[in-house]
Amino acid sequence: MKHKHADLIHAWADGAQIQIRCSPSDKWANAHSPFWDADREYRIKPEPTPDLYKYVDVRAVRDGICQWTTCLPEEANLGLIFDGETKQLKSAEVMK
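In this text, all values refer to a predicted model and were calculated from it rather than measured experimentally. (Residues numbered from 1 in each chain as written. Predicted model: local features only at pLDDT ≥ 70, side-chain atom pairs only at ≥ 80, totals over all residues. Heavy atoms only, no water.)

K.L.:
Mind laying out the nonpolar core, listing which residues take part and the relevant values?
P.N.:
Residues Leu8, Ile18, Ile20, Ala31, Trp36 and Tyr42 constitute the largest nonpolar core, which totals six residues. With near-sequence residues (within four places) excluded, leucine 8 lies in contact with Ile18, Trp36, Tyr42, Arg43 and Ile44. (Core = buried A, V, L, I, M, F, W, Y, C linked by side-chain atoms within 4.5 Å. Buried < 20%, exposed > 50% of the residue type's maximum accessible area, 1.4 Å probe, protein only. Contact = heavy atoms within 4.5 Å.)

Shown next as structure tokens:
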């Protein structure tokens, strides 16, 4: 009979980073030397989602109202970087 975690064990032997689900938090943690307990849940550590870069041209139109347009980096006056995992704004840079 095939071990419950056989595919993960092979991936780990080939160099994959393995994570274990922790209780009671239900979060994933790196398992540097997994025990391969049949009652625990393991996975291959997912690749991080890359940050998202957006470039915009922002203009004050009237009375404090701004208009912005997504554009190419060379046309932008503002660069925005969003976290790839949380989608939250990480940083903003004035370009011109």
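Resuming the write-up.
K.L.:
Could you give me a rundown of the pattern of salt bridges, with the residues and numbers involved?
P.N.:
Evaluated as defined, the whole model comprises five salt bridges. Linking aspartate 57 and arginine 59 is a salt bridge whose minimum nitrogen-to-oxygen distance equals 3.0 Å. The exposure class assigned to aspartate 57 is buried, which follows from its relative accessible area of 15%. One continuous salt-bridge network, built from bridges that share partners, spans Arg21, Asp26 and Glu41. (Salt bridge = Lys/Arg side-chain N within 4 Å of Asp/Glu carboxyl O.)

K.L.:
Talk me through the sheet that holds strand β3 (residues 42-44); I want residue IDs and the actual numbers.
P.N.:
The strand order across the open sheet formed by three strands is β2-β1-β3, and the pairing between neighbours is antiparallel. If you trace the sheet from one side to the other, it starts and ends with β2 (28-30) and β3, each paired once. Adjacent strand axes in the sheet meet at a mean angle of 35° when their direction is disregarded. As judged from the three bridges shared by strand β1 (residues 18-21) and β2, these two strands associate in the antiparallel manner. Its bridge partner being in β2, arginine 21 is matched across the sheet by tryptophan 28. The sheet contacts of helix α1 (residues 6-13) involve β1 and β3, and relative to β3 the element is tilted by about 45°. (Pairing = 2+ DSSP bridges. Helix = DSSP H or I, 4+ residues; strand = E, 2+ residues; numbered from the N terminus. Axes fitted to C-alpha atoms, helices over the stretch in contact; angles between N-to-C directions.)

K.L.:
Could you give an account of the packing of aromatic side chains, with specific residues and numbers?
P.N.:
Overall, the coordinates contain two aromatic pairs when judged by the stated rule. One aromatic cluster is present, formed by Trp12, Trp36 and Tyr42 through successive ring pairs. (Phe/Tyr/Trp six-rings, centres within 6.5 Å; stacked < 30°, edge-to-face > 60°.)

K.L.:
So what's going on with the pairing of strand β5 (residues 65-70)? Residues and values would help.
P.N.:
Little of β5 sits out of view: just zero of its six residues are buried. The sheet contact formed by strand β4 (residues 52-62) and β5 spans six bridges and is antiparallel. Across the sheet, alanine 60 pairs through a bridge with cysteine 66, a residue of β5. In textbook terms, the turn of a hairpin is the stretch between consecutive antiparallel strands, and for β4 and β5 this stretch comprises two residues, one of which, aspartate 63, has a positive phi near 45°.

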